[in-house]
Amino acid sequence: EPEVTQTPSHQVTQMGQEVILRCVPISNHLYFYWYRQILGQKVEFLVSFYNNEISEKSEIFDDQFSVERPDGSNFTLKIRSTKLEDSAMYFCASSEAPGRETQYFGPGTRLLVL
Amino acid sequence: SQKIEQNSEALNIQEGKTATLTCNYTNYSPAYLQWYRQDPGRGPVFLLLIRENEKEKRKERLKVTFDTTLKQSLFHITASQPADSATYLCALYGGATNKLIFGTGTLLAVQP
């Protein structure tokens, strides 16, 4: 069964450093998302992406964040200058149709900012 | 304000019993509501989606109901097993948007 994959599974970085989290969505899906989950809290939406542009973003997704689909398979989330409060699990998701259908999630990248 | 609440943080039941989890929402009018399972340190895994014009949806031992008048969804696991132990999340789309809004989840523990 097709699934969303994410790399790396864990990332430790120093505050102020840039990180890039990578995702390979399900191959026939056209809509891509990033969510995050701070330990013990809810899963929160960050951004959605379609047709090579951001379709929606949350208040969390400020200028330090960017997304890109550099080729036909990868979808990346970049944090330019990490802060301690960016420590969380980051989940990529994809869906076949515009949002109001099932979104399939990857296993996540655990980011720890020291 | 808009809220999605799940009935309890934790639910403990005996193996073989039916687990019933509740999701209540306020100030949303979702056309769809979804249930996901999340294991520790893992991503949410899709279980069931129910539409506003569907009262009930079943998949194997899982059943979901959706009452748009009560603004509530119930999620049932029949003949529960220890392997069903996980956090269960309800999620809906908030308004004219593609983002999923998640509840805080209910941690289900099925005792052998």
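A brief look at the structure comes next.

Scoring rules and cut-offs
Residues numbered from 1 in each chain as written. Chains lettered and ligands numbered in written order. Predicted model: local features only at pLDDT ≥ 70, side-chain atom pairs only at ≥ 80, totals over all residues. Heavy atoms only, no water. Disulfide = S-S within 2.5 Å. Helix = DSSP H or I, 4+ residues; strand = E, 2+ residues; numbered from the N terminus. Buried < 20%, exposed > 50% of the residue type's maximum accessible area, 1.4 Å probe, protein only. Contact = heavy atoms within 4.5 Å. Buried area = accessible area lost by both parts, 1.4 Å probe. Salt bridge = Lys/Arg side-chain N within 4 Å of Asp/Glu carboxyl O. Polar contact = N/O pair within 3.5 Å; in protein donor to acceptor, adjacent residues only side chain to side chain. Nonpolar A, V, L, I, M, F, W, Y, C, P; charged D, E, K, R; others polar.

### Focus: the state of the cysteines
Residues and elements named next belong to chain A.
Okay, so step 1: Going through the model one piece at a time under the given rule, you end up with two disulfides over all chains.
Okay, so step 2: Between the sulfur atoms of Cys23 and its disulfide partner Cys92 the distance amounts to 1.9 Å. Because the torsion about its S-S bond is -60°, the bridge between Cys23 and Cys92 counts as left-handed. Of this pair, Cys23 sits in strand 3 (residues 19–24) while Cys92 sits in strand 9 (residues 88–95), and the two are 69 residues apart along the sequence. Both residues of the pair, Cys23 and Cys92, count as buried.

### Observations regarding the interface of chain B and chain A
Okay, so step 1: Counting residues at the interface gives 23 residues for chain B, matched by 20 residues for chain A.
Okay, so step 2: Each partner contributes to the roughly 1,800 Å² buried at the junction of chain B and chain A, and carbon and sulfur atoms together form 51% of this total.
Okay, so step 3: Looking at the side of chain B facing chain A, the largest losses of area belong to Tyr93(B), Asn98(B) and Phe102(B), adding up to 28% of the total buried there.
Okay, so step 4: Put simply, chain B and chain A have zero salt bridges between them.
Okay, so step 5: Viewed at the interface, chain A and chain B are joined by four residue pairs in polar contact (both at pLDDT 80 or more).
Okay, so step 6: In terms of residue count, strand 4 (residues 32–38) of chain B provides more of the side of chain B that touches chain A than any other element does, four residues in total.
Okay, so step 7: Considered class by class, the residues forming the side of chain B that touches chain A number eleven nonpolar, nine polar and three charged.

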